[in-house]
Amino acid sequence: MIPYRVSQVRQLGPARLTAGLGEHRRLDLNTHYTVHDQLSGETVDSLISMAEEVDLRGRGGAAFPFARKLRAVAARARDSETVVLVNAAEGEPASMKDKMLLTRAPHLVLEGALLAASALNAREVVVAVAAGELAESSVTAAVVERGLGGCVRVVGIQERFISGEGGALVRAVNGEAGMPPGRKTRSSDSGVYGRPTLLSNTETFAQLAVLAELGPQEYASVGTVQEPGTILLTVGGSVVFPAVVEVTPGIPLAAVLDLCEATVGDGVLLGGYHGKWLSAADAYGAIVSRRGASDAGGELGAGIVVALGGETCPLGETVRVANYLAAQSAGQCGPCRLGLPDLARAMAELADGAPGGSDLVRRAATAVRGRGACFHPDGTARFVLSAIEAFADDVEEHRIHGTCGRPVREVLPLPMTDESEVRLVVDWTRCQGHGLCAHLVPELVKLDHHGYPVLMDSGIPSWLSGEAQKAVEMCPALALRIGAK
């Protein structure tokens, strides 16, 4: 479940990306041009200059300078046809800002993408979006409204947590499995169909359109000197008004929480499931900006704010997400394939009050950090480690009593997918502790000190379905099966 309604859009500061959305459910082309100016074409040098002047950064989480991407693709455009790729595959269950933009203000995103494509003389614009969702229908309708079917292509892809990773997205658009390629290839060198590709996320292209409309000076009239303009935050969790909020960098995070009437309780997750937990005190003292989040010990990331509240177990919530992240692995390297399940198990043992639980988690995190083929192991480790820091009192409560006494109310949103529902199940009346299952699928099964299986409390990822079925078929006691949660 995701505690969010597309209609909920709010502002703390000027409405730029969300202009007109208070009066209109969706800005069709005619309505868009009553709210925003029609843009004239810009040269690539002009776009680079404007982006550099306001230090426009990508809004997908990595905050990579947009001008550097643009310059890299422009350098290749002399020798090869280029492509502009809009990354609308959020993947992150707690984020809704990009879906909101494509659903309600699709022409603003297209304006930014077309502006870049014109400057680069690009072959086409590709919008990659989660298949079957309202955002896909909305942006497809916007392309038809503009009569751009010949040069703008909307590609529906399977949405997973890692589907928004650059290499995974390019592969999905190219008709391959939407998994990180396992080796670093810059899209500016080889992206869609091997062509130099300008790849950035939905909000970034909307920001480019606003920048071109306002000009650098007016664009930078709000925000901070280091981070001018506005940003979008998805605010959810224990809040009365879950919403996408457009804010100016430099405002207190407390103002955002108060606007949505959040119950902070034990803390706030900032930056999503590759971000960090902040204690309540740190959250209320934080400033909304990349620098402000870092100073508070957090990560702004893709602009995700989830208030935990005080009625749920913080460690139990973290275990739920750790299991989900382990199942979302691409399964292409050891740190993901084996390390993330081990990290999730260590977090579960900590929540169960195991002696030395914090040390178990830290050791498991050390085994995956900096060793993966993509960002996923590092981001997952960062999320889990932040929990034992932010919820130190709760960790101690679990260590002493085995529990904090609170249920896990599933405040953190997770998608309902087949992978999260189908899992290995043990018939304990049959199991004789042969241990063969742990040998066949070590990603899903470990053995306790008596030699009996301890199962991963997550679904069976698609890349492990064959091994899981083999384990079921080879169990000597016929004690293992694949079943629903």
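Residues numbered from 1 in each chain as written. Predicted model: local features only at pLDDT ≥ 70, side-chain atom pairs only at ≥ 80, totals over all residues. Heavy atoms only, no water.

Chemist: If you had to explain the nonpolar core to someone new, which residues and values would you point to?
Modeler: If you look at the biggest cluster of nonpolar residues, it comprises 64 residues, and the most contacted ones within it are Tyr273, Trp277, Val361, Leu424 and Leu444. Ranked by residues supplied to this core, first place goes to helix α14 (residues 334–351) with 8 residues. When near neighbours in sequence (up to four residues on either side) are disregarded, Val361 contacts Leu343, Ala346, Met347, Leu350, Val384, Leu385 and Ile388. In terms of nonpolar packing, the next biggest core, distinct from the first, is built from 54 residues, Leu70, Val127, Val129 and Val244 among them. (Core = buried A, V, L, I, M, F, W, Y, C linked by side-chain atoms within 4.5 Å. Buried < 20%, exposed > 50% of the residue type's maximum accessible area, 1.4 Å probe, protein only. Helix = DSSP H or I, 4+ residues; strand = E, 2+ residues; numbered from the N terminus. Contact = heavy atoms within 4.5 Å.)

Chemist: Before we move on, can you summarise helix α5 (residues 106–120) with the specific residues and values?
Modeler: In this model, α5 (15 residues) spans 21 Å end to end at C-alpha, consistent with the 21 Å of a helix rising 1.5 Å per residue. Burial runs high along α5: 13 of the 15 residues are buried. Note on α5: the residue one or two positions beyond its end, Asn121, has a positive phi of about 55°. (Expected span 1.5 Å × (residues − 1).)

Chemist: Which residues make up the packing of helix α2 (residues 44–53) against helix α3 (residues 66–77), and what are the values?
Modeler: Where α2 meets α3, the axes come as close as 8 Å, and the angle between the chain directions of the two elements is 160°. One way to sum up the angle between α2 and α3 is to call them roughly antiparallel. Along this stretch, α2 crosses α3, giving a crossing that reads as left-handed. Where α2 approaches α3, its residues Val44, Leu47, Ile48, Ala51 and Glu52 are matched on the opposing element by Phe66, Ala67, Leu70, Arg71 and Ala74. In terms of residue class, the contact of α2 with α3 is built from 8 nonpolar, no polar and 2 charged. (Axes fitted to C-alpha atoms, helices over the stretch in contact; angles between N-to-C directions. Parallel < 35°, antiparallel > 145°, perpendicular 65-115°, else oblique. Left-handed = near helix turned anticlockwise from the far one by under 90°. Nonpolar A, V, L, I, M, F, W, Y, C, P; charged D, E, K, R; others polar.)

Chemist: Which residues make up the pattern of salt bridges, and what values do they have?
Modeler: In total, this model carries 25 salt bridges according to the counting rule given. With a shortest N-O distance of 2.6 Å, Glu396 and Arg399 are connected by a salt bridge. Of this pair, Glu396 and Arg399 both sit in helix α17 (residues 392–401), separated by 3 residues, roughly a single helical turn. Assessed through its relative accessible area of 35%, Glu396 is described here as partly exposed. As a salt-bridge pair, Arg430 and Asp427 come within 3.6 Å of each other at their nearest N and O atoms. The exposure class assigned to Arg430 is partly exposed, which follows from its relative accessible area of 42%. A relative accessible area of 28% means that Asp427 is categorised as partly exposed. In this structure, a network of salt bridges that share partners links the residues Arg59, Lys97, Asp98 and Glu203. (Salt bridge = Lys/Arg side-chain N within 4 Å of Asp/Glu carboxyl O.)

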